[in-house]
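If you want the building blocks of each chain, they are given just below.
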Amino acid sequence: MKILNIIDDVETDHLINNNKKIEILNWNRNKSVNFESIITYIEKKDDFFKKKYVSFISKIKNHLFNKKSLYKNFNIENKFSLWEMSLFEEKNIYKNPEIIDLIKILALREIVKEKKIKKIIIFSNNKKLGTNISSLINNVKVELNYFKKKKNDTNYFLKNNIFYFFYFLLNFFFKRFKFKRKTFGQMKNAILICDYFTYFDEDKASKGFYISNYWKKLLPLIKKKKINLNFLHLALDEKKYNLKNKIKVLDKFNVASRMSHNILDSYIDFTILAKVTYEWFLNCFKYFYLKIMHNNNYIFQNYLLKKMFVDSFIGVWSIKNLYFFYLFEKFFKETQQNNKVITYVSEFQSWEKLIFFNSNKQQSKNIFALQFNPIRNWDLRYQFEISKDNINLYPKKIITFYNSSKKNLIKAFSKSKKIKVFLSDNLRPLDYSFKKKFKKKKILIVGDHDDSSTLNLLKIVNKLLEQKSKYLFEYKPHPISKIKISNFDNLQKLKVYWDNKCFEYMYDAFIVSNKTSLGLELSNKGFKTGVILDSKSLNLSPLDKNYQFLIKNEIELNNFINVKKSHNSAIKIRNIISWNNIVNKWLKIIKYE
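We now turn to the structure provided with this report. (Residues numbered from 1 in each chain as written. Predicted model: local features only at pLDDT ≥ 70, side-chain atom pairs only at ≥ 80, totals over all residues. Heavy atoms only, no water.)

1. A short note on the overall build of the chain
- The secondary structure content of the chain amounts to 22 helices and 24 strands.
- At 26 Å, the chain has a C-alpha radius of gyration in line with the 25 Å of a compact globule built from 593 residues.
- Projected onto its principal axes, the C-alpha positions of the chain cover 75 × 70 × 45 Å.
- Each of the 593 residues in the chain was classed as buried or not, and the buried ones make up 54%.
- Surface summary for the chain: the accessible area is close to 29500 Å², and the carbon and sulfur share equals 51%.
- On the chain, the mean spot of the 110 positive side-chain charges and the mean spot of the 54 negative ones are 4 Å from each other. (Helix = DSSP H or I, 4+ residues; strand = E, 2+ residues; numbered from the N terminus. Rg over C-alpha atoms; globule rule 2.2 N^0.38 Å. Buried < 20%, exposed > 50% of the residue type's maximum accessible area, 1.4 Å probe, protein only. Areas by Shrake-Rupley, 256 points an atom, 1.4 Å probe, with all protein chains shown as cover. Lys, Arg positive; Asp, Glu negative; His and termini not counted. Charge placed at Lys NZ, Arg CZ, Asp CG, Glu CD.)

So this is what it looks like as structure tokens:
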């Protein structure tokens, strides 16, 4: 009997006898041992496993329950499938990290076939890993040979039940509802911009000036051409901006001429609450009925899929999506005649489909998706199957700032001839000077918004600095980071920049995590940039998968630092369309269509 041993964390490495006759697989990214890594295996066959995962999700979508596909089981008022906004369909690794674990299991299935494995022995902290594997891989005996008990996540259990979901449904409404409705009148014959209520200058906002990181280069151009603008903001930070504070800010924004600002939350009312409550209870009934009748189905046996199912159809994400559905429906009914052109911050999030669903035929021709962030190789939001059921829920005109993103988008929509992708100037460029020089050789470590990525980065640098280095290191944490470098023995004396003054200097090299787009920006400007790969995740960097300085451990980091690479000239992007031309096109639509 051929046996495969799986190591799920570095702490259990010592329990495995490194016998060449025994098949050993590291469930994470290798750091110090010579076992095969499943992450490395996946990344070597990235296109294959991306297609494999999309096909796997398509199978779930079309799985028949009571002679109806899962897609058709969860319709909203028999006109829109909640599946289109589900975690399954969105495939957002940042929102739904379970995706990476599922891809690992799909890869393990291939390894089992290739090596004719009959038994899998798991060394893991994760008690559910054995069941997750056995529910998706048949004809193999799975044994959880080691288990280090973790403390139960009480918070997870408290927030993962039907009672909490109903509480969330009501709390979501009452945090947003005001008996005296506060929406602001819209401009006619205007451009509608949908974005997030964030990344604007708060000091200027208190004085009534809307200076947005997204639009500060575009707004002066639109103002110069005397075009009316309507903003619809989606609110994210409820702690910082409760409804009362949001309205105060909007009151000041709406003083400006030719410009209107509203937040989507302001359109909430008791009718929407009633509709959301009804649909949610109906979905709960469907869920429990399907679970009882099909309890042995792999979707309900696998903890990862079950969690995604709950979140998508009765959990917090499903409730948010139901609110979004009815809020967008109401907004478009009341304002549709005002907006001749629609543009929005595109991240291929589920709510974006509602713009297309609620737009009339004339409007849908003039919707422009603005792809601000570069597309990563493993961002599965851009891996989808287009059909007659969903083709009208995707953008037909996309503007991106990166040549690599343009190629990825053209590839994603290769089966549709109606999609146009334009390359334009970056509305949110990296505009730091980097002109000042140090007397000594220095390297800047840049933290990420994701604490797990930052911790992984700092651990590797800390390990490197156990040995003396000819370089001095400095650290720029993300503004929301709560990580203390005092917890790292070799990083305690590092100079820390909480502002952006560090970007005024020309460092010898930069070290970033693989989740930030900063690595691509720095590399494109010709700076020596090392990207630290996460130990338990796939490479989510926007840089090319064959980029020279993708770093797994302190040995590779040391090699990167010692490579002689001087500052290169910035990469020039050719064949771009200017924003002046784009705005002129919009102006023509407003005047003549």
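2. Focus: helix 14 (residues 303-313)
- By the criterion of burial, helix 14 is predominantly enclosed, with 8 of the 11 residues buried.
- Turning to helix 14, its buried residues are Leu304, Leu305, Met308, Phe309, Val310, Asp311, Ser312 and Phe313.
- Where helix 14 begins, one side-chain oxygen reaches toward the backbone nitrogen of leucine 304, 2.9 Å away; that side chain belongs to asparagine 302. (Polar contact = N/O pair within 3.5 Å; in protein donor to acceptor, adjacent residues only side chain to side chain.)

3. A closer look at the sheet that holds strand 20 (residues 495-496)
- Here we have 6 strands laid out as an open sheet, ordered 20-19-18-22-23-24, and parallel in their pairing. The open sheet terminates on both sides in strands that have one partner only, identified here as strand 20 and strand 24 (550-551).
- Across 3 bridges, strand 18 (residues 442-446) lies against strand 22 (residues 509-513) in parallel orientation. The partner of isoleucine 443 across the bridge, within strand 22, is alanine 509. (Pairing = 2+ DSSP bridges.)

4. Concerning the sheet that holds strand 13 (residues 339-345)
- If you walk across this open sheet you meet the 7 strands as 12-11-10-13-14-15-16, and the pairing is parallel. Of all the strands in the sheet, just strand 12 (259-263) and strand 16 (420-423) have a single pairing partner and so form its edges. With strand direction ignored, the average angle separating the axes of adjacent strands in the sheet is 20 degrees.
- Relative to strand 15 (residues 397-400), strand 14 (residues 367-371) runs parallel, the two being bridged by 4 bridges. Following the sheet pairing, phenylalanine 368 is matched in strand 15 by lysine 397.
- Against the sheet, helix 15 (residues 316-335) engages strand 10 (190-196), strand 11 (228-234) and strand 13, with an angle of about 165 degrees to strand 11. (Axes fitted to C-alpha atoms, helices over the stretch in contact; angles between N-to-C directions. Contact = heavy atoms within 4.5 Å.)

5. Overview of the side chain of asparagine 262
- Following the sequence through the fold, asparagine 262 ends up in strand 12.
- At 2.7 Å, the side chain of asparagine 262 forms a polar contact with the backbone nitrogen of phenylalanine 184.
- Residues contacting asparagine 262, with those up to four places away along its chain left out, are Thr183, Phe184, Gln186, Phe231, Leu232, His233, Leu250 and Tyr267.

6. Quick notes on unusual backbone geometry
- Backbone geometry at lysine 91 places phi at a positive 55 degrees, although glycine is not the residue there.
- Examined against the element boundaries, lysine 91 turns out to sit in the loop between helix 4 (87-90) and helix 5 (98-115).
- With relative accessibility at 3%, the residue lysine 91 sits in the buried group.
- Phi is positive for asparagine 139, close to 60 degrees, though the residue is something other than glycine.
- Take asparagine 139: it is sitting in the loop between helix 6 (129-134) and strand 9 (141-147).

7. Observations concerning a nonpolar patch on the surface
- A cluster of nonpolar residues, Phe285, Phe288, Tyr289, Ile292 and Met293, forms a patch on the protein surface that exposes about 570 Å² of accessible area.
- By the secondary structure assignment, isoleucine 292 is in helix 12 (residues 270-293).
- By relative accessible area, which is 66% here, isoleucine 292 ends up exposed. (Patch = residues over 30% accessible without salt bridge, like charges linked within 9 Å, V, L, I, M, F, W, Y side chains within 5 Å. Salt bridge = Lys/Arg side-chain N within 4 Å of Asp/Glu carboxyl O.)

8. Quick notes on the environment of phenylalanine 172
- Within the element layout of this structure, phenylalanine 172 appears in helix 8 (residues 162-174).
- Taking the relative accessible area as the measure of exposure, phenylalanine 172 reaches 10% and is therefore buried.
- Sequence separation between phenylalanine 172 and isoleucine 319 is 147 residues; the distance between their C-alpha atoms is 8.9 Å.

9. As for the pattern of salt bridges
- Applying the stated rule across the entire model yields 24 salt bridges.
- In this structure, the salt-bridge partner of lysine 515 is aspartate 450, at a minimum N-O distance of 3.4 Å. Of the two residues, lysine 515 sits in the loop between strand 22 and helix 20 (518-524) while aspartate 450 sits in the loop between strand 18 and helix 19 (451-464), which places them 65 residues apart along the sequence.
- The partner of lysine 552 in a salt bridge is glutamate 556, with the nearest N and O atoms 3.0 Å apart.

10. A closer look at the nonpolar core
- Counting 189 residues, the largest nonpolar core has Leu108, Trp215, Tyr323 and Phe473 as its most contacted members.
- Discounting chain neighbours no more than four positions away, the residues touching tyrosine 323 are Leu169, Phe172, Phe173, Ile268, Ile272, Leu273 and Val276. (Core = buried A, V, L, I, M, F, W, Y, C linked by side-chain atoms within 4.5 Å.)

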